[in-house]
Amino acid sequence: MGRKELLRRMALTLAVGYVLFFYSEMMFWARWRPEDTLPGLMMTWLIYSVLAFFVLLLTSRFRAGDVYSVFLVGAVFGWLVEGVVVQTVYTDFPFGIVWTPLAWHALISVLIGIYLAGKALSEWKIRNSILFFVLLGAFWGFWASYWKLEDGYAVGLGDFALYAFFSTIPLLPSYAVLHKLAPEEFKPTRAEIGVFTAILLFFAFFTFLAVPFSALILPPLIGITLYALRRLKRKSFFSNYGGVGVSRYLMLLLMPASALLVYAPMRGIWFDVNVPTALVTSGLGIALFLKALYKALK
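Residues numbered from 1 in each chain as written. Predicted model: local features only at pLDDT ≥ 70, side-chain atom pairs only at ≥ 80, totals over all residues. Heavy atoms only, no water.

Draft legend 1. Seen up close, the packing of helix α1 (residues 2-29) against helix α6 (residues 126-144). For the pair α1 and α6, interaxial distance at closest approach is 8 Å and the crossing angle is 45°. If you check the angle between α1 and α6, you find them oblique. Contact with α1, carried on its side by F22, Y23, M26, M27 and F28, involves L136, W140 and W143 of α6 and no other residues of that element. (Axes fitted to C-alpha atoms, helices over the stretch in contact; angles between N-to-C directions. Helix = DSSP H or I, 4+ residues; strand = E, 2+ residues; numbered from the N terminus. Parallel < 35°, antiparallel > 145°, perpendicular 65-115°, else oblique. Contact = heavy atoms within 4.5 Å.)

Next comes the structure, spelled out in structure tokens:
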């Protein structure tokens, strides 16, 4: 029984890891980069799976089940990605605290990618779910048009289509595993928590060596967030998951299709879409974080 439960938790962790990997990496970079290799992408997925373990653990321990509590879990995830695994929080300090930890990882990867998309697939009416994934794909295509400003050329429609559909297809089984295996409570053993914590501390050690003042920034941010989460206890959103028809997962393919339709005209427009995107998502991220703190203190 113990081995079976361990395998279920690891499968769930890998599935959530791919969801986070997709929204945080594949949707963000929006094209194949010269440095992308299959082993490198697999390793990145595994790193995101380590972080997914803590997303699942925090969601369960703090009963995160509404927009604000889920966003706070996403904030911790975002700061771990950008402040522990990599050091962009400190490179662009203090703006790096918000973009991309709150503006992308918390808002898009966790709140939208796990919480809202999970509900769209399992609970919402078909019409609302279709609209949700079409709009999410449209945002993807809009954002993807930015990278030609850095690359000096626009990725071809065929290449973008292959990238978008290829990266989206693994989402179907990932969400299916999430809905099938997500328990009301995620209860890993102490040994599991110890192993995953050790991996995280490995990254933290090298981050501290590279940026010593990181120890003065990240722990207080995460500490305040965890305190707020403790005061915002809700019913875990995993407890609402029920049986999901296989056909509903096909709605995920609306994202790359919609992205392609928006990217096609946008690829020829040389416009800094990163500016309005960063301003809007950062504004939403700050607003949600402050509102969550207000609700917790209230």
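Following the structure, the description resumes.
Draft legend 2. Geometry of unusual backbone geometry. Cis geometry is adopted by the peptide bond preceding P94, which originates at F93 and carries an omega value of 5°. In this structure, P94 sits in the loop between α4 (88-91) and α5 (101-122). That bond from W99 to T100 is cis: its omega, 15°, falls within 30 degrees of zero. Note that T100 resides in the loop between α4 and α5. In this structure, A30 is a non-glycine residue whose phi angle is positive, near 60°. Tracing the sequence through the fold places A30 in the loop between α1 and α2 (38-61).

Draft legend 3. Quick look at a nonpolar patch on the surface. On the surface, F202, F205, F206, F208 and L209 cluster together to form a nonpolar patch covering roughly 530 Å² of accessible area. Among the structural elements, F206 can be located in helix α10 (residues 190-210). A relative accessible area of 44% places F206 in the partly exposed class. (Patch = residues over 30% accessible without salt bridge, like charges linked within 9 Å, V, L, I, M, F, W, Y side chains within 5 Å. Areas by Shrake-Rupley, 256 points an atom, 1.4 Å probe, with all protein chains shown as cover. Salt bridge = Lys/Arg side-chain N within 4 Å of Asp/Glu carboxyl O. Buried < 20%, exposed > 50% of the residue type's maximum accessible area, 1.4 Å probe, protein only.)

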